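So the chains spell out like this:
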Amino acid sequence: MEVQVTGKPNLFRPRLNSTQYIAKVITNSVVYPDLYDKELQDSYGVMTPEELLYALVDDAGEYQDLMVWIQQFQGLTKGLEEKIEEAKN
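Structure report, in brief. Given the structure is predicted, the values throughout are model-derived calculations rather than measurements. (Residues numbered from 1 in each chain as written. Predicted model: local features only at pLDDT ≥ 70, side-chain atom pairs only at ≥ 80, totals over all residues. Heavy atoms only, no water.)

Thoughts on the packing of helix α1 (residues 18-29) against helix α4 (residues 60-73)
Then comes step 1: At a closest axis distance of 10 Å, the pairing of α1 and α4 adopts a crossing angle of 70 degrees. The angle between the axes of α1 and α4 places the two elements in the roughly perpendicular class. Note on element contacts: α4 touches α1 through Tyr63, Leu66, Met67, Ile70 and Gln71, opposite Ile22, Ala23, Val25, Ile26 and Ser29.
Then comes step 2: Class assignment for the residues of the contact of α1 with α4 results in eight nonpolar, two polar and no charged. (Axes fitted to C-alpha atoms, helices over the stretch in contact; angles between N-to-C directions. Helix = DSSP H or I, 4+ residues; strand = E, 2+ residues; numbered from the N terminus. Parallel < 35°, antiparallel > 145°, perpendicular 65-115°, else oblique. Contact = heavy atoms within 4.5 Å. Nonpolar A, V, L, I, M, F, W, Y, C, P; charged D, E, K, R; others polar.)

Below you can see the structure in the form of structure tokens.
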């Protein structure tokens, strides 16, 4: 889905679905268990890595903790200035 850019007729940008984005970041970051393992997915009765993630981590607080930890581990919580200073050192 796309949304129009304010003040720019005929210019559109993609709309970010943050829930799907976070689920994809987590599933691509988790090494074990392999969320892409078809046999594991079948054992939980799901079809995608994201659905398997939701089946494995069914506690909202635990999911939130995992999301925060992975974002910090991947460096997604650092601002541009912090990244510049880190690169200088």
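Topic: the packing of aromatic side chains
Then comes step 1: For the coordinates displayed, the defined rule picks out two aromatic pairs.
Then comes step 2: Here Tyr54 and Tyr63 contribute two aromatic rings whose centre-to-centre distance is 5.8 Å and whose plane-to-plane angle is 45 degrees, an arrangement assigned as tilted.
Then comes step 3: Its relative accessible area of 36% is what places Tyr54 among the partly exposed residues.
Then comes step 4: For Tyr63, a relative accessible area of 16% translates into the label buried.
Then comes step 5: With 5.1 Å between their ring centres and 10 degrees between their planes, Trp69 and Phe73 make a pair best called stacked. With a gap of four residues between them, Trp69 and Phe73 both fall in helix α4, about one helical turn apart. The burial state of Trp69 is the same as that of Phe73; both residues are exposed. (Phe/Tyr/Trp six-rings, centres within 6.5 Å; stacked < 30°, edge-to-face > 60°. Buried < 20%, exposed > 50% of the residue type's maximum accessible area, 1.4 Å probe, protein only.)

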